[in-house]
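A closer look at the structure
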Amino acid sequence: MAAGLEIHHKRDFRGIRWLFWIVFVGILAVTIWFAYSYFTKGDLPPFVDVKALRADPRIDESPVTEKQITEYTVPKINPRYISIPSLGVGNTRVMSVGVTANNQLDTPKNISDAAWYNKSARPGAGYGAVLIDGHNGGITRNGVFAKIGTLQKGAEIIVERGDGKKFTYKVVENQSMALDEVNKTGMKMMMQSADETKEGLNLITCDGKWVPKYQQFDRRIMLRAVRV
């Protein structure tokens, strides 16, 4: 045996490098897929539960004071407040709105307010439908209409006008509708009373998933009530 003979083993890291890149590319592909799915459909992976990703970040969530509520005024025949006793909703201010630049029904700026579409009927008119919308929720708290999807037939909703007169309506229909269907036939339906012989009150709020691509939710709660 020859003296001083040394044998050196050279380590090969190519397999480890390949494994690293396969894992990295796999993680990147999954991340891109989840990001695309969330942006276009509002789908979040099951391990992500961040409310900021499930709500409209543009809503004003600042508190509305009792003074602001009691001092709020509108023309005598316009809706001033809406109350839903079974949900604990009382004396919610009703703002007057039209449509947006995209010809969509506008919404109240504040999460605690509701909005009356000023081309719909006025409470007490005796015909047509009063159309009011409101927010379901924001990043940090629920909106005034967060639970209207739970209202059953017969539940009462009260609208007070600017002159103090109050009108009571009872729920006759309540459904969640896909946004495509809302745009095709739903809004036309919501401009009409559920009973053509009675004055109607129709409420709308968002439902379903927040879709960043369209900056809106993919469903709507469509509630119809009639005056009693």
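Attention shifts here to the pattern of salt bridges. Under the counting rule described, the total for this entry stands at five salt bridges. Taking the shortest distance from any N to any O, the salt bridge between R93 and D113 comes out at 2.9 Å. Taken together, the residues R93 in strand β2 (residues 89–97) and D113 in the loop between β2 and β3 (114–117) connect sequence positions 20 residues apart. D113 sits in the buried class, given a relative accessible area of 3%. When the shortest N-O distance is used, the salt bridge between R224 and E173 registers 3.0 Å. Taken together, the residues R224 in strand β8 (residues 216–227) and E173 in strand β6 (residues 166–178) connect sequence positions 51 residues apart.

This next bit is on the environment of D113. As for D113 and I69, which are separated by 44 residues in sequence, their C-alpha atoms are 9.8 Å apart. Sequence-distant contacts of D113, defined by excluding residues within four places in its chain, comprise V64, T92, R93, M95, P108, G134 and V144. A polar contact of 2.9 Å, which involves the side chain of D113, links it to the side chain of R93.

The buried fraction of strand β1 (residues 79–84) amounts to six of the six residues, a majority that puts the element mostly inside the structure. With four bridges joining them, β1 and strand β5 (residues 156–161) adopt antiparallel strand pairing. Within the sheet, the bridge partner assigned to Y81 lies in β5 and is E160. Where β1 and β2 come together, three bridges link them in antiparallel fashion. Looking across to β2, one finds that I82 is bridged to T92. Taking the residues that link successive antiparallel strands as the turn, the β1-β2 hairpin has four residues, and the phi of G88 there is positive, at about 75°.

The rules behind these values
- Residues numbered from 1 in each chain as written.
- Predicted model: local features only at pLDDT ≥ 70, side-chain atom pairs only at ≥ 80, totals over all residues.
- Heavy atoms only, no water.
- Salt bridge = Lys/Arg side-chain N within 4 Å of Asp/Glu carboxyl O.
- Helix = DSSP H or I, 4+ residues; strand = E, 2+ residues; numbered from the N terminus.
- Buried < 20%, exposed > 50% of the residue type's maximum accessible area, 1.4 Å probe, protein only.
- Contact = heavy atoms within 4.5 Å.
- Polar contact = N/O pair within 3.5 Å; in protein donor to acceptor, adjacent residues only side chain to side chain.
- Pairing = 2+ DSSP bridges.

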